[in-house]
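Chain by chain, the residues:
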Protein chains: 4
Amino acid sequence: MGDQVKILGISGSPRKANTDLLLEAALKSAETLPGTVIERMDLKSADVKFCIGCFKCFEDNPNDYACQVHRDSMDQIYSKLRECQGLIIATPVYFGQVTGQMKTFMDRTEPLLRYGKGRWKFALKNKVGGAITVGGNRNGGQETSLQAIHHFFLIHDMIIVGTGPDERPGCYLGAAATTHPKRGKIRDAVNEDELGLRAARIIGKRVAEVARWMQGHTNQHEGGT
Amino acid sequence: MGDQVKILGISGSPRKANTDLLLEAALKSAETLPGTVIERMDLKSADVKFCIGCFKCFEDNPNDYACQVHRDSMDQIYSKLRECQGLIIATPVYFGQVTGQMKTFMDRTEPLLRYGKGRWKFALKNKVGGAITVGGNRNGGQETSLQAIHHFFLIHDMIIVGTGPDERPGCYLGAAATTHPKRGKIRDAVNEDELGLRAARIIGKRVAEVARWMQGHTNQHEGGT
Amino acid sequence: MGDQVKILGISGSPRKANTDLLLEAALKSAETLPGTVIERMDLKSADVKFCIGCFKCFEDNPNDYACQVHRDSMDQIYSKLRECQGLIIATPVYFGQVTGQMKTFMDRTEPLLRYGKGRWKFALKNKVGGAITVGGNRNGGQETSLQAIHHFFLIHDMIIVGTGPDERPGCYLGAAATTHPKRGKIRDAVNEDELGLRAARIIGKRVAEVARWMQGHTNQHEGGT
Amino acid sequence: MGDQVKILGISGSPRKANTDLLLEAALKSAETLPGTVIERMDLKSADVKFCIGCFKCFEDNPNDYACQVHRDSMDQIYSKLRECQGLIIATPVYFGQVTGQMKTFMDRTEPLLRYGKGRWKFALKNKVGGAITVGGNRNGGQETSLQAIHHFFLIHDMIIVGTGPDERPGCYLGAAATTHPKRGKIRDAVNEDELGLRAARIIGKRVAEVARWMQGHTNQHEGGT
C-alpha cells in the first residue's frame, strides 16, 4: 500500500570508506520520517559491465530483461530502482566527477528511460533524487559531481531536491563532504567533517520528505509489477 | 484558496525577442492545465539595481521592505515571487551564462532566503522551478545557463523539474533553444527552432503539473501576509 | 620590447573585502616573476551599464569606440583588456555564480570578440586566464563560478590555466576560497583561509608564467596601436 | 627530437561510430600543421579496469609500473600519454557526461599526477588539451561533458584550449556535435552535422598550434626516457 516510502541509496565508491559513512548517515536520517523504508546498495560489491551502446534496450524485450546484453548485478539493481520512490546517489569525487564505477552504473540505466520497454519504461519518473559527494580536496569537484548526478536525475524525469531549509548547509546542491585535510585514504576521515555529515543527513531527510509528497505520481502506482 | 496554481515567468532578455517568445510558449502551455494562473515579468522594463552585499536583509526589517537599500522594481517582484507556486526563468545566453540583468535579479533575491526576515523568509521554499535558455550558437552555453538557474532554485530550497516525459526533448535540463543558423539579432529567429519551442512548452506544463502536486507544502499556506 | 608581461586583475565584488584580498595576493605572486607588470581594476568603483544586446559592436565603428551605445567605465577597461597578456578574474560567489556586476562586465566585452571591429577584434585571443572565487559557504558555488569564468575565457579564445603544479591546491579549477565558518560579511575573513589564499598565489604565478611562454602570440604584437 | 609535436587522440566510445569520425577529423586537421605527428587510441578495443582507490600509485613504485594493481591496456596508454604534447579527448555523451569507459580511463591516470612516482609524475603537465563530444540530443550534455574533460585536464596541470578563432563554432568549449535528428545508433550520422565536424577540425588544429608554442615546457624535456 501507498503508506510506505522506499528510499534507495547507492554508493559508487570502490572502497568501504567515507562515501559509505555519508550514505549511511543520509539513510538513517531519512528513516526518521514515519513510514520510510531504506535500502542500500554498494557498487563495489556489484558486477556492473560497461554499456556497449547497442540500443537493444529500446527494441523489443521478449524475455523481460531490462538489458538484453549483460547478465550481471544490474538485473537486481533495475528492480530496486523500479521499486523505490526516492533515490540517493553517493560517490567519491575522482577527477572532478563521479567514479568510473558510478558512471558505468548510470550508463546502464538506459532501459529505464522513455525509450524503455514493458514495465521498465519510465521506471524512475517523478521519483525524488538527492546527491552526496566526498572529495579529497576541499573544492575538488564536489559541486561538478553533484551537478552530474542531477543531470542523471533529470534525464530520468525525476524531481531534484537540494540541502533544503538549513541555515548553512555548506553546499546547496547536495552534500559536499571532504576528507581534507586528511588524505582520502583514511577510511573514516569524513567523520571529522561535521559540515559534510550534516548535509548528508539533511539530504536524506529532504528526499524522504518530498518523496512522501510525491507519492501517487510514480510508476509503481500505474500498474503492477 | 488552494485550488489555483500560480506560475510566474521571468524573462532576462534586454530585448523584446526570442526569449520572450519561448517564455510565452511555456506559460501558455502551463495555462492549459486546469486551475493554473500565469503571470509574466520582463526584466528589460524593470529597474533592478545591483546587490551591494550589505547583508542588511539578514537583519531586522522594521519597515517590512525585503531589501533595505534599494527602492526599485524588486519591491514588486518580491511580492510576485512570494505569491507564485511555480517559477519559470528564461534567459538568453550571454557569454555562456544567464545575462547580467538576470544575474543581477538573482542576486537581489537574497532577502527571500533562509536568512530573510518576517514574511520574506523562505519565500520560494518548496516551489517548483523550470528553466529556459536560448543561444545564438547551437551549443553556446544553454546547458551551463540551465545549470546556473537550477543552482539558484536549489539555493532557494525549490524543487527542480526538467523537460519531463518527452521522447526527445533536445535537452533534459530544461528548454535549450537556439537562433542558429540565424543571427540572434533576428527577433523571432527562434520560431524556426521547433525543438526549442516544444521544450519550452514541455517545461511550462511540467512546472505547472508538479506545482499542483506540491500544493500545500509552500509558505503561502503556512501563515498569512 | 615584448619583454614585459602585463597581468590584469579584475575584481567583481561590490565591497572592499575578501575578493580584493585574494586578488591582491594573486597579483603580488604574479609580480615575483621577473618582467611581470601587474594592474588591478575593481568593478565596485566602476560604472558599467548592462549590455542591451543591440549587436552594434559587430557593425562598423566609425568612431573607434568598442561599444557604440554606452559611454562608461568600459571605455577604459576595453583598453586595459587589450593591453594585458594575462587576465585574472576574481569574484565573490552570489547564488552559485559570479556576481551580477561581474556578469554585466563580461557581457560588455562582446566588442572584443571575433565579431569585433578594428583594433578591438580578438583583443583577448591567446591571452592566458586564471580564476579566483570566494564563497560564504564552503562548497557554495566556487566550482561553478570558476567554470563560468573559464567559459568566458574560451569564448574569447583565451588559454586557461588552473592551480598548476601544487601538491594539494584545494581546487584544481582555480582558487576556491571561503569565508566559512565566518560570515561573508566579515571583510577579511578570508585571511583565515590559508588554502584559498595559497591557491590565489598559485594561480597568479601560473597565469604570469604561461603568459610569458605565450608571448608573441597575442594581438598586441600583430600591429595596431 | 624537439621539432616534432605529438598529438594523441583518445576515443571513449564503445562503438566504431560517430565519435571516431569526429576524432579522426580533428587529428587529420592537426596533422596539417608542419611537424605534427598524430596517434589515436580507442578505448573500445582496450582493457581498462576500474581504479580501486588504493593510493598505491602515490607510494613507491619499485617496478616502474605506473599502476601497482592492474596489468592491462593502461600500461601502454600511460606511455603514450607521457610522450604526447597535445591530447584530444573525444567521447559520446551518455547521461549528460563522458561514457563510463572514458571516466574509468580518467580515473586510472592518477599515477600521472603530482603525487606520481618516478618518471610518471607530472606526465601531462603543461601539455595542451582539447575536447570533443557528440550527443544523440542536440543539447544533450555536450557542454557538461566538455567541462568534465576540462576539469580532468586542469587536474593534470594541462593548458586548455577551445574552438579558437572561428566565426561561429557552435560551441566555444570544444567540439559539440550531434547525431540529431537521426538516432545515435546510426554510426555515421554525424557526417551530416557540418557544424560539429568543423568544430572538431578547429579543435584539432588549435591543440596542435598551442602545443607547438608550449614546446619546451613539458616533462619530456626535463629528462627521462
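Our structure is the block above this text.
Note that the structure is a prediction, hence the values are computed from the model and not measured.

1. Here's the deal with the overall build of chain A
For step 1, the next point in the chain: Along chain A, the regular secondary structure elements total five helices and six strands.
For step 2, the next point in the chain: Helices and strands in chain A line up, N terminus first, as β-α-β-α-β-α-β-α-β-β-α.
For step 3, the next point in the chain: A globule of 225 residues ought to have a C-alpha radius of gyration of about 17 Å, and chain A, at 17 Å, matches this closely.
For step 4, the next point in the chain: Counting across all 225 residues of chain A, residues that qualify as buried make up 68%.
For step 5, the next point in the chain: Contacts in chain A between residues far apart in sequence, at least 24 positions, make up 78% of those at least 6 positions apart.
For step 6, the next point in the chain: Distance from the positive charge centre (30 side chains) to the negative charge centre (25 side chains) of chain A: 2 Å.

2. Considering the pairing of strand E1 (residues 5-11) of chain A
Note on strand geometry: in a regular strand, side chains alternate between the two faces of the sheet.
All names here are of chain A.
For step 1, the next point in the chain: Of all seven residues that make up E1, six are buried, and the element is covered over most of its length.
For step 2, the next point in the chain: For E1 and strand E2 (residues 36-42), the ladder comprises seven bridges, and the chain directions are parallel. By the bridge assignment for E2, Ser11 is matched with Asp42.
For step 3, the next point in the chain: Note that the unit made of E1, helix H1 (residues 18-31) and E2 has a crossover that is right-handed.
For step 4, the next point in the chain: Where E1 lies against strand E3 (residues 86-92), five bridges are found, and the strand directions are parallel.

3. Things to note about the side chain of Gln97 of chain A
For step 1, the next point in the chain: Along the chain, Gln97 of chain A falls in the loop between E3 and helix H3 (100-107).
For step 2, the next point in the chain: In this structure Gln97 of chain A comes out as buried when scored by relative accessible area, which is 5%.
For step 3, the next point in the chain: At 3.4 Å, the side chain of Gln97 of chain A and the backbone oxygen of Thr144 of chain A are in polar contact.
For step 4, the next point in the chain: Here Gln97 of chain A is in contact with Pro92, Thr144, Ser145 and Ala148 of chain A together with Gln97, Lys103 and Ala148 of chain D, once residues within four sequence places are set aside.

4. Let's talk about the relation of the copies chain D and chain A
For step 1, the next point in the chain: Superposition of chain D onto chain A requires a rotation of 180° combined with a translation of 0.0 Å along the rotation axis, giving an RMSD of 0.0 Å. Interpreted geometrically, this transformation is the action of a two-fold axis. Within chain D, Gly100 of chain D has its C-alpha nearest the rotation axis, a separation of 2.7 Å.
For step 2, the next point in the chain: When you check the interface residues of chain D against chain A, 97% turn up at the interface there too, and the contact is symmetric in its surfaces.

5. Some thoughts on the interface of chain D and chain B
For step 1, the next point in the chain: Facing the 27 residues of chain D at the interface are 27 residues of chain B.
For step 2, the next point in the chain: Roughly 2200 Å² is buried in total at the junction of chain D and chain B, and carbon and sulfur atoms are behind 36% of that figure.
For step 3, the next point in the chain: When the area that chain D buries against chain B is broken down by residue, the three leading residues are Arg138, Asn139 and Arg168 of chain D, summing to 38%.
For step 4, the next point in the chain: Viewed at the interface, chain B and chain D are joined by two salt bridges.
For step 5, the next point in the chain: With its nearest N and O atoms 2.8 Å apart, the salt bridge here joins Arg138 of chain B to Asp193 of chain D.
For step 6, the next point in the chain: Connecting chain D to chain B are 26 residue pairs in polar contact (both at pLDDT 80 or more).

6. Describing the packing of aromatic side chains
For step 1, the next point in the chain: Applying the stated criterion across every chain, the model contains 26 aromatic pairs over all chains.
For step 2, the next point in the chain: Consider the rings of Phe152 of chain A and Phe95 of chain D, whose centres lie 5.5 Å apart with planes at 45°: the pair is tilted. With Phe152 of chain A in helix H4 (residues 142-155) and Phe95 of chain D in the loop between strand E3 (86-92) and helix H3 (100-107), this residue pair bridges two chains. Pair check on accessibility: Phe152 of chain A and Phe95 of chain D agree, each one buried.
For step 3, the next point in the chain: Seen from their ring centres, Phe105 of chain B and Phe152 of chain B are 6.2 Å apart, and the 50° between their planes marks the pair as tilted. On the criterion of sequence distance, the pair formed by Phe105 of chain B in helix H3 (residues 100-107) and Phe152 of chain B in helix H4 (residues 142-155) is long-range, its members being 47 residues apart. Accessibility classification places Phe105 of chain B together with Phe152 of chain B in one group, the buried group.
For step 4, the next point in the chain: An aromatic cluster is present here, built from Phe95 of chain A together with Phe105, Phe152 and Phe153 of chain D joined pairwise through their rings.
For step 5, the next point in the chain: Between the NZ or CZ atom of Arg114 of chain B and the centre of the ring of Tyr115 of chain B, over which it lies, the distance is 5.9 Å.

7. Structural notes on the pattern of salt bridges
For step 1, the next point in the chain: Counting across every chain of the model gives 76 salt bridges over all chains.
For step 2, the next point in the chain: As a salt-bridge pair, Arg119 of chain B and Asp64 of chain B come within 3.0 Å of each other at their nearest N and O atoms. Linking Arg119 of chain B in the loop between H3 and strand E4 (128-135) with Asp64 of chain B in the loop between strand E2 (36-42) and helix H2 (74-83), this pair joins segments that are 55 residues apart in sequence.
For step 3, the next point in the chain: Of the residues examined, Arg119 of chain B reaches a relative accessible area of 26% and is grouped as partly exposed.
For step 4, the next point in the chain: Where Glu24 of chain D meets Lys28 of chain D, a salt bridge forms, and the shortest distance between an N and an O atom there is 3.8 Å. Taken together, the positions of Glu24 of chain D and Lys28 of chain D, both in helix H1 (residues 18-31) and four residues apart, correspond to about one turn of that helix.
For step 5, the next point in the chain: Owing to a relative accessible area of 35%, Glu24 of chain D belongs among the partly exposed residues under this scheme.
For step 6, the next point in the chain: Lys28 of chain D sits in the exposed class, given a relative accessible area of 52%.
For step 7, the next point in the chain: Each member of the salt-bridge network shares a partner with another, and the members are Asp20, Glu24, Lys28, Arg40, Asp42 and Lys44 of chain A.

8. Some remarks on the packing of H3 of chain B against helix H3 (residues 100-107) of chain C
For step 1, the next point in the chain: One can describe the packing of H3 of chain B onto H3 of chain C by two numbers: an axis separation of 8 Å at closest approach and a directional angle of 180°. Looking at the two axes, H3 of chain B sits roughly antiparallel to H3 of chain C. The residues of H3 of chain C that touch H3 of chain B, namely those facing Gly100, Gln101, Lys103, Thr104 and Asp107 of chain B, are Gly100, Gln101, Lys103, Thr104 and Asp107 of chain C.

9. Some remarks on the state of the cysteines
Residue and element names in this part refer to chain A.
For step 1, the next point in the chain: For the structure on display, the rule yields zero disulfides over all chains.
For step 2, the next point in the chain: Here Cys54 is not cross-linked by a disulfide; its sulfur's nearest cysteine counterpart is in Cys57, at 6.3 Å.
For step 3, the next point in the chain: A relative accessible area of 25% means that Cys54 is categorised as partly exposed.

10. A closer look at the relation of the copies chain D and chain B
For step 1, the next point in the chain: Superposition record for chain D on chain B: RMSD 0.0 Å, screw rotation 180°, translation along axis 0.0 Å.
For step 2, the next point in the chain: Both copies share a contact surface, since 100% of the interface residues of chain D are interface residues in chain B too.

11. Considerations on unusual backbone geometry
Residue and element names in this part refer to chain A.
For step 1, the next point in the chain: Here the bond from His180 into Pro181 is cis, since omega is 5°, no more than 30 degrees from zero.
For step 2, the next point in the chain: Here Pro181 shows up in the loop between strand E6 (175-178) and helix H5 (194-213).
For step 3, the next point in the chain: A positive phi angle, near 50°, is found at Phe95, a position not held by glycine.

12. Section: the interface of chain D and chain A
One frequently used descriptor of interface size is the decrease in accessible area upon assembly of the parts.
For step 1, the next point in the chain: Facing 38 residues of chain D, the contacting portion of chain A comprises 37 residues.
For step 2, the next point in the chain: Taken together, both faces of the contact between chain D and chain A bury some 2800 Å²; the carbon and sulfur share is 64%.
For step 3, the next point in the chain: Contact with chain A buries surface across chain D, with Phe50, Phe95 and Lys103 of chain D losing the most and accounting together for 27% of the total.
For step 4, the next point in the chain: One can count two salt bridges joining chain D with chain A.
For step 5, the next point in the chain: For the salt bridge of Lys185 of chain A with Glu59 of chain D, the shortest nitrogen-to-oxygen distance reads 2.6 Å.
For step 6, the next point in the chain: Our count for the contact surface shared by chain D and chain A stands at 10 residue pairs in polar contact (both at pLDDT 80 or more).

Criteria and cut-off values
- Starting afresh in each chain, residues are numbered from 1 along the sequence in its written order.
- Labels are handed out in written order, letters beginning with A for the chains and numbers beginning with 1 for the ligands.
- Since the coordinates come from a predicted model, pLDDT governs what is reported: local features require at least 70, and pairs of side-chain atoms require 80 or more to be given and counted, while whole-chain, interface and lining totals use all residues.
- Excluding hydrogens and water, the side-chain figures rest on all heavy atoms present in the structure.
- Working definition: helices are DSSP H or I runs of at least four residues, strands are E runs of at least two. Numbering for both runs from the N terminus.
- Taken over C-alpha atoms, the radius of gyration is set against a globule rule of 2.2 Å times the number of residues to the power 0.38.
- Using a 1.4 Å probe on the protein chains alone, a residue whose accessible area is under 20% of its type maximum counts as buried, one over 50% counts as exposed, and one in between counts as partly exposed.
- Contacts are assigned to residue pairs with any non-hydrogen atoms lying within 4.5 Å of each other.
- Counted as positive: Lys and Arg. Counted as negative: Asp and Glu. His and the chain ends are not counted at all.
- A charged residue contributes its charge at one atom only: NZ of Lys, CZ of Arg, CG of Asp or CD of Glu.
- Only when DSSP finds a minimum of two bridges between them are two strands counted as paired.
- Whether a crossover is right-handed depends on one test, that the path from the first strand over the helix to the second runs clockwise when the strands point away from the viewer.
- Two N or O atoms count as a polar contact when they lie within 3.5 Å, although within protein this holds only if one can serve as hydrogen donor and the other as acceptor, and sequence-adjacent residues are included solely when both atoms are side-chain atoms.
- Copies overlap after least-squares fitting; the atoms used are the C-alpha atoms of residues with pLDDT of at least 70 in both.
- The term buried area means the drop in 1.4 Å probe accessible area that two parts suffer when joined, counted for both and summed.
- We define a salt bridge as a side-chain nitrogen of Lys or Arg found within 4 Å of a carboxyl oxygen belonging to Asp or Glu.
- When the centres of two rings from Phe, Tyr and Trp lie within 6.5 Å, Trp using its six-membered ring, the rings pair. Their planes under 30 degrees apart give stacked, over 60 give edge-to-face, and anything left gives tilted.
- Comment: the charge-over-ring label is applied if NZ (Lys) or CZ (Arg) is within 6 Å of the ring centre and within 35 degrees of the ring normal.
- Think of each axis as a best-fit line through the C-alpha atoms, taken over the contacting stretch in the case of a helix, with angles from 0 to 180 degrees between the N-to-C directions.
- Here the word oblique covers every angle except those under 35 degrees (roughly parallel), over 145 (roughly antiparallel) and from 65 to 115 (roughly perpendicular).
- The rule for a disulfide is simple: a pair of cysteine sulfur atoms within 2.5 Å.

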